[in-house]
Amino acid sequence: MRKNTSPVKGTEGFVYQCRLPLSSATLDLVAGLVRGHLKKIRWRKLPPGRIALIVLAILRHDQRLSDMAGVNDVSTSTVRRWLLEVIELLSARAPRLDRALKKIARKGGVVVLLDGTLVRTRRRTGDGNRPNYSGKHKAHGLLFLALTDETGNLVWISAAKPGRSSEITTARPNRITTHLREAGLGALTDLGFVGLDDDPDDPVIVTGRRATRGHPLTDAQKEANRLVSRERAANEHGFADLKNWRILTKVRMNARHATTLLRALSC
């Protein structure tokens, strides 16, 4: 089956109109990055504001590159280059884990929210693709960890791991507990992170309690679990806002590109 990359019939000569559910501050931010980038390289055919609008339309609504190119009188390869450049510029603004935590601490924060999410990817055949299958979600994808503040604003996203990876094994190489202690913060997480904190006398990772065979949870423990779940709701809202970018529906198995893309969208 051949991929259709030609513009939609009848779009030539018309101005593409698309309502973006984004603030003007987002458009100004991307336009400013493009404007600063253009000072270091050769000129572009369209002004920075127009380039920013085209790229955001592709990221938010997953518009076809050929359609955006046709109505703006540029080539598809030009639009693809703009897209990759803006993604790199945005991802470069993503803070490191230690700096993000220290910034929250300086603002008076005392706790962050930690969770993992699976970004579904296109399924590919072969033995090499088996690690990308998540038995928990029954789908192929890449696993990401994310930290949000108490209001659900994304502050850090980890590098992508194969879908079959667990949240706790993904968290350990990032030394999350060490960075939390250095910043003087705690983290609320779900049961997937039980055992991550190696210091039970001074824990920085707060999770719910898990019932075991013959040891059901008490009423107090159930109430504590509900309290943790209620406080963690903002974290799920942060993931929901991130997955509203429809470009994520076309993520491939390239972990490096997926990491760069998600860090760009979280800025």
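Check the entry above for the structure.
Residues numbered from 1 in each chain as written. Predicted model: local features only at pLDDT ≥ 70, side-chain atom pairs only at ≥ 80, totals over all residues. Heavy atoms only, no water.

K.L.:
Describe the packing of helix 1 (residues 24–38) against helix 2 (residues 48–61), with residues and values.
P.N.:
For the pair helix 1 and helix 2, interaxial distance at closest approach is 8 Å and the crossing angle is 120°. As the angle between them shows, helix 1 and helix 2 are arranged oblique. The handedness of the crossing between helix 1 and helix 2 comes out as right-handed. The residues of helix 2 that touch helix 1, namely those facing Thr26, Leu27, Val30, Ala31, Val34, Arg35 and Leu38, are Pro48, Gly49, Ile51, Ala52, Leu53 and Leu56. The residue inventory of the contact of helix 1 with helix 2, partitioned by class, reads 10 nonpolar, two polar and one charged. (Axes fitted to C-alpha atoms, helices over the stretch in contact; angles between N-to-C directions. Helix = DSSP H or I, 4+ residues; strand = E, 2+ residues; numbered from the N terminus. Parallel < 35°, antiparallel > 145°, perpendicular 65-115°, else oblique. Left-handed = near helix turned anticlockwise from the far one by under 90°. Contact = heavy atoms within 4.5 Å. Nonpolar A, V, L, I, M, F, W, Y, C, P; charged D, E, K, R; others polar.)

K.L.:
A description of helix 9 (residues 233–242) should follow, citing residues and the corresponding values.
P.N.:
Residues of helix 9 that are buried include every one of Ala234, Asn235, Gly238, Phe239 and Leu242, and no others. Take helix 9 and look down its axis: the buried residues cluster within an arc of 150°, on one side only. Tucked into the core, helix 9 has its buried residues touching strand 1 (111–120), strand 3 (139–148), strand 4 (154–157), helix 8 (219–231) and helix 10 (255–265). (Buried < 20%, exposed > 50% of the residue type's maximum accessible area, 1.4 Å probe, protein only. Arc of directions from axis to C-beta.)

K.L.:
Provide a residue-level description of the side chain of Ser91, including the pertinent values.
P.N.:
Mapped onto the fold, Ser91 is located in helix 4 (residues 76–91). With relative accessibility at 14%, the residue Ser91 sits in the buried group. Here Glu88 takes part through its backbone oxygen, which lies 3.0 Å from a polar atom of the side chain of Ser91. Sequence-distant contacts of Ser91, defined by excluding residues within four places in its chain, comprise Thr260, Arg263 and Ala264. (Polar contact = N/O pair within 3.5 Å; in protein donor to acceptor, adjacent residues only side chain to side chain.)

K.L.:
Can you explain the packing of helix 4 against helix 10? Please cite residues and give values.
P.N.:
Direction vectors running N to C along helix 4 and helix 10 enclose 70°, while the axes themselves pass 7 Å from each other. Taken together, the axes of helix 4 and helix 10 are roughly perpendicular relative to one another. The handedness of the crossing between helix 4 and helix 10 comes out as left-handed. Residue-level contacts link Ile87, Glu88, Leu90 and Ser91 of helix 4 to Arg256, Thr260, Leu261, Arg263 and Ala264 of helix 10. Of the residues belonging to the contact of helix 4 with helix 10, the class tally is four nonpolar, two polar and three charged.

K.L.:
Break down the packing of aromatic side chains for me, citing the residues and quoting the values.
P.N.:
For the structure shown, the criterion picks out zero aromatic pairs. Cation over ring: Arg60 sits above Trp245, and NZ or CZ is 4.9 Å from the ring centre. (Phe/Tyr/Trp six-rings, centres within 6.5 Å; stacked < 30°, edge-to-face > 60°. Lys NZ or Arg CZ within 6 Å of the ring centre and 35° of its normal.)

K.L.:
Can you break down empty space enclosed by the protein residue by residue, with the values?
P.N.:
The gaps of empty space that remain are located by a probe, the size of a water molecule, rolled over the atoms. All chains considered together, the criterion is met by one cavity of 30 Å³ or more. Empty space within the largest cavity amounts to approximately 40 Å³. Lining the largest cavity are Val34, His37, Leu38, Arg44, Ile51, Trp82, Glu85, Val86 and Leu89. Sorting the residues of the lining of the largest cavity by element identifies helix 1 and helix 4 as the ones contributing at least two each. For the lining of the largest cavity, the element with the highest residue contribution is helix 4, accounting for four residues. Among the residues making up the lining of the largest cavity, the classes are represented as six nonpolar, one polar and two charged. (1 Å grid on protein atoms, 1.4 Å probe; cavity = no way out; pocket = protein on both sides within 12 Å on 5 of 7 lines; lining within 4 Å. Points joined across faces, edges and corners; volume = space filled by probe spheres on them.)

K.L.:
Give me the lowdown on the layout of surface pockets, citing residues and values where you can.
P.N.:
One number sums up the size of the largest pocket: a volume of about 950 Å³. Around the largest pocket sit 38 residues that line it, and Asn153, Leu154, Val155, Ser266 and Cys267 are the ones nearest its centre. Listed by contribution, the elements that provide at least two residues to the lining of the largest pocket are helix 1, helix 2, helix 5 (97–106), strand 4, helix 9 and helix 10. With five residues, helix 5 is the largest single contributor of residues to the lining of the largest pocket. Classifying every residue of the lining of the largest pocket gives 21 nonpolar, seven polar and 10 charged.

K.L.:
I'd like a description of the side chain of Arg232, backed by residues and values.
P.N.:
Of note, Arg232 is situated in the loop between helix 8 and helix 9. Residue Arg232 is classed as buried on the basis of its relative accessible area, which comes to 10%. Only 2.8 Å separates the side chain of Arg232 from the side chain of Asp115, close enough to count as a polar contact. Each residue touching Arg232, except ones within four places of it in the same chain, is listed here: Leu113, Leu114, Asp115, Leu188, Thr189 and Asp190.

K.L.:
Would you mind going over helix 4 in detail, with residue names and values included?
P.N.:
Over its 16 residues, helix 4 runs 23 Å from end to end, which matches the ideal 22 Å to within 8%, given 1.5 Å per residue. Turning to helix 4, its buried residues are Thr78, Val79, Trp82, Leu83, Glu85, Val86, Ile87, Leu90 and Ser91. Next to the buried residues of helix 4 lie helix 1, helix 2, helix 3 (65–71) and helix 10. (Expected span 1.5 Å × (residues − 1).)

K.L.:
Lay out the pairing of strand 4 in plain terms, naming residues and giving numbers.
P.N.:
Examined bridge by bridge, strand 3 and strand 4 share three bridges and lie antiparallel to one another. The residue bridging Thr148 from the neighbouring strand is Leu154, located in strand 4. The turn joining strand 3 and strand 4, which pair antiparallel and follow one another in sequence, is formed by five residues; a positive phi near 95° is taken by Gly152. (Pairing = 2+ DSSP bridges.)

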